[in-house]
Each structure stands twice: as C-alpha cells, then as structure tokens.
Amino acid sequence: MHRVLFASLWLLAASPTSSIFQKPTGSPATPRLQYLLEPLHTAVHTQRGATATLPCVLRALPRNYRVKWSKVEPANYGESVIIITNGLYHKNYGPLSPRVRLRHSHRYDASLTITNVALEDEGRYRCQLVNGLEDESVSLTLHLEGVVFPYQPSNGRYRFNYHEAKRACEQQDARLATYQQLYKAWMEGLDWCNAGWVLDGTVHYPIINSREPCGGRLLLPGIRSYGAKDKQRDRFDAFCFTSALQGEVYFIRGHLSFKEAGQACRNHGATIAKVGQLYSAWKFLGLDRCDGGWLADGSVRYPITTPRQRCGGLPEPGVRSFGFPRKELRTYGTYCFVGT
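Since the structure is predicted, the reported quantities are computational estimates derived from the model, not experimental observations.

### Regarding the overall build of the chain
Move 1: In terms of helices and strands, the chain carries 5 helices and 22 strands.
Move 2: Here the chain holds 340 residues, and 47% of them are scored as buried.
Move 3: For the chain, the proportion of contacts with a sequence separation of at least 24, taken over those separated by at least 6, is 63%.
Move 4: Accessible area for the chain stands at about 18,200 Å²; split by element, carbon and sulfur atoms hold 53% of it.

### Let's talk about the pattern of salt bridges
Move 1: All told, the structure shown has 17 salt bridges when counted by the stated rule.
Move 2: With a shortest N-O distance of 3.1 Å, K166 and E170 are connected by a salt bridge. With K166 and E170 both in helix α2 (residues 162-171) and 4 residues apart, the pair spans about one turn of that helix.
Move 3: Take K166: its relative accessible area is 32%, and that puts it in the partly exposed class.
Move 4: Of the residues examined, E170 reaches a relative accessible area of 43% and is grouped as partly exposed.
Move 5: Among the salt bridges present, the one from R233 reaches D230, with a minimum N-O distance of 3.4 Å.
Move 6: On the accessibility criterion, R233 (66% relative accessible area) is exposed.
Move 7: The exposure class of D230 is partly exposed, given its relative accessible area of 28%.

### Observations concerning the state of the cysteines
Move 1: Throughout the structure, instances matching the rule amount to 5 disulfides.
Move 2: Across the disulfide, C56 is cross-linked to C127 (sulfur-sulfur distance 2.0 Å). One disulfide, between C56 and C127, carries an S-S torsion of -65° and so falls in the left-handed class. Highlighted residues: C56 in the loop between β3 (52-54) and β4 (66-73) and C127 in strand β9 (residues 123-130), separated in sequence by 71 residues. There is no split in this pair, since C56 and C127 are both buried.

### A word on the environment of N116
Move 1: For N116, the location among the structural elements is in the loop between β8 (112-114) and β9.
Move 2: What makes N116 partly exposed here is its relative accessible area of 39%.
Move 3: Apart from residues no more than four positions distant in its own chain, N116 is found in contact with G49, A50, T51, R99, D121 and Q246.
Move 4: Within the local environment of N116, its side chain forms a polar contact with the side chain of Q246, the two groups lying 3.4 Å apart.

### Quick word on helix α5 (residues 275-285)
Move 1: Counting buried positions along α5 yields 8 of 11 residues, so the element is predominantly enclosed.
Move 2: For α5, the complete set of buried residues consists of V275, G276, Q277, L278, Y279, S280, A281 and W282.
Move 3: Residues of α5 that are buried in the fold lie against β11 (146-151), β16 (237-243), β17 (247-256), β20 (300-304), β21 (318-321) and β22 (332-339).
Move 4: Positive phi shows up at G286, right after α5, with a value of about 70°.

### A closer look at the environment of R126
Move 1: Mapped onto the fold, R126 is located in strand β9.
Move 2: According to the relative accessible area criterion, R126 is buried, its value standing at 14%.
Move 3: Counting along the chain gives 13 residues from R126 to S139, while the straight-line C-alpha distance between them is 4.5 Å.
Move 4: Reaching out from R126, the side chain makes a polar contact with the side chain of S137 at a distance of 3.4 Å.

### Quick word on the sheet that holds β8
Move 1: Taking strand neighbours across the sheet as the criterion, the 3 strands line up as β3-β8-β7 in an open arrangement whose pairing is antiparallel. Looking at the sheet topology across the chains shown, the edges are occupied by β3 and β7 (100-102). Across this sheet, the average inter-strand angle for adjacent strands is 25°, counted without regard to direction.
Move 2: Relative to β8, β7 runs antiparallel, the two sharing 3 bridges. Note that in β8 the partner of V100 across the bridge is I114.

### Thoughts on the packing of aromatic side chains
Move 1: Taken as a whole and assessed by the stated rule, the structure comprises 15 aromatic pairs.
Move 2: On the numbers, 6.3 Å between centres and 90° between planes, the contact of Y279 with W282 is edge-to-face. Taken together, the residues span about one helical turn, with Y279 and W282 both in helix α5 at a distance of 3 residues. Across the pair, exposure class does not vary: Y279 and W282 are buried alike.
Move 3: These aromatic residues form a ring-pair network of at least three members: Y158, Y162, W197, Y205, Y226 and F236.
Move 4: Taking the ring centre of Y158 as reference, the NZ or CZ of R157 above it sits at 4.4 Å.
Move 5: Directly above the ring of Y162 sits K231, whose terminal nitrogen or CZ lies 4.5 Å from the centroid.

### Focus on unusual backbone geometry
Move 1: Positive phi, close to 55°, is recorded for N64, a residue that is not glycine.
Move 2: Structurally, the position occupied by N64 is in the loop between β3 and β4.
Move 3: Judged by its relative accessible area of 71%, N64 is exposed.
Move 4: Non-glycine residue N116 carries a positive phi angle of around 45°.

Parameters at a glance
Residues numbered from 1 in each chain as written. Predicted model: local features only at pLDDT ≥ 70, side-chain atom pairs only at ≥ 80, totals over all residues. Heavy atoms only, no water. Helix = DSSP H or I, 4+ residues; strand = E, 2+ residues; numbered from the N terminus. Buried < 20%, exposed > 50% of the residue type's maximum accessible area, 1.4 Å probe, protein only. Contact = heavy atoms within 4.5 Å. Areas by Shrake-Rupley, 256 points an atom, 1.4 Å probe, with all protein chains shown as cover. Salt bridge = Lys/Arg side-chain N within 4 Å of Asp/Glu carboxyl O. Disulfide = S-S within 2.5 Å. Polar contact = N/O pair within 3.5 Å; in protein donor to acceptor, adjacent residues only side chain to side chain. Pairing = 2+ DSSP bridges. Axes fitted to C-alpha atoms, helices over the stretch in contact; angles between N-to-C directions. Phe/Tyr/Trp six-rings, centres within 6.5 Å; stacked < 30°, edge-to-face > 60°. Lys NZ or Arg CZ within 6 Å of the ring centre and 35° of its normal.

Here it is, written out as structure tokens:
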C-alpha cells in the first residue's frame, strides 16, 4: 500500500512546477467550498526572519485527493508550485523548498509554514485541493512589515534601468518595493518628487504636498504614475523595501575617511552598514542619532526618530542624507552592522 502511494506521489514530480492562470474576464461567483474551510483571516502579517504559517484546513478528507500550495506571480498570471501532498507523503519544489513544511497539527491540517521569512516571500499564496472534478482553493496573502525608501546612486538621479534598480536595492539589504508597499508608505507620509521603479516594472512617485516641480499645485496628493516603462532603456531612481533586521546597527564616532570607516567596523567584528540596514534600525529599533555616518555605498546618513532643530530641522522623523561626499574626507563617523 505504501509503495503504491509513494509511487503515485512521485508521479507528481513529472508534472511542471509552474502553470498559467488565464487572465480573468469577469467576476463569477465564488463556488461554495465543500472540503476546505474558509480561513478566518486571509492576510498573515510577519517580519523578515520570523516563522509564518498560512492556514489551510480541510473539513473532510475526500478519496484520492492531493493538496497543492503555490505562490501566485501577478506579473505573468502564473503560479510557482511550492509543495504537493497526498496526506501521507509530500514533495517540495522551487527556491522556497528548504524553508517550507506542512504544519500537520492534525490529519485535516494542510497549513503551510515558512521559516526564516525573506523579503521575496511577500505575496499571494494558494492552497488548492485537487480532487478530480471537485477542485477548490483558498487564497491568502503574506504581508511583511517594513519600510520603503527612495534610492539613487552617487552619480545622480535617474541612472537606473529596471534591472540596475533591482540589483541596487538588493545590494543595500532590500528589494524593489511593490506598488502596494509604495502606496502604504505614501499613506504613512512618504513624499518624494523623483520617480522610481517598483517591482512590477512600473514607475511612480508619492506626493503628500502638491507643488510645481512635482506635477503641479492643482493636482491632489497621491501616487503619480508613469505606468509601465521599458526595462532596458528607460532610467529612473528606485523605491526599495526592507524589513526587520537580524542584527544590530550602531555608531562609531570619529573623523574617518570612507576606507577608515570600513576598517573601524571590521575592528569591532562588524561590517559597515548598508542603507537598508540603517532604515530598518530606524524603523524597527528606534535608532536616533544626530551624527552623520558613512554607509557601505559611500553615502553619509543619519537616523532621526525624534525631530529636533539641530538635527536637520525637518519636522518629520526620517533618515537624513548628506549625499555622497568625497571618500577621502575625514569628517564623519560610521554606522556598523553586526548580525545575530
């Protein structure tokens, strides 16, 4: 019996690990679920490095069923298979494979547990009961708590094509923000007049205070959009997203060149902090420091949680920037990062 079940499960490996959704053409009524319980909440909130569970529970066990978990890829109306089980055996697929398991708290439980949640794990997931003609599914969304920050290189604004913007965010311990993340950041006060790439290849900028250089005074506050742009040819800034730190950012005082700043961090068993790490420490750990410090990209910044006149003079909390000074200047200290 076990040999038959094991063989049938491995037949699944021969099936493709991705499939294509047809773009929806209408709004048909959602079919009533016969075997799957509707989740109490369809959104699960978590942070980077945490363990998150997406609930999927059966009310009954049909004969010869399988449960398939997949991650929905909205850019191409596709999905990437993560795990398939027949209740006794399971097989993992794709890059999430080492970090996922079925919770199996009881025999009706097909919930998906993701360990050491990463930035790229955010998105929509589908738990599908495959049972011949009676297939049914539930969709859940994994939200990471985090912070969006605008980013441009040392040689000025509008230098990134899409692929360069994506790589630049990743180099700063972040990833390109989604449109939804940018929208949430705007609702929380992000006001930035330079347009930047987001994850789906569209370009936007968030405006709280309408003004002439940023679309004009007559436009209402909101997300200004350039729509989809050519990922190779068109050049803009980037909007990056990062989440909670797995470590600590701290400041070393001194009059250091950029090279000396890196060595000072290494002397303490640390590395010079990245821009995303400084934003994360400001957002999640309340780092508040009125001292400009070198970061790994050659920029000088400082985080302000409690605004005050002598620390930039701006009324809102935020990470202030001195731009990209000459690296041989001995004017600033440095922010270091040590992992846990």
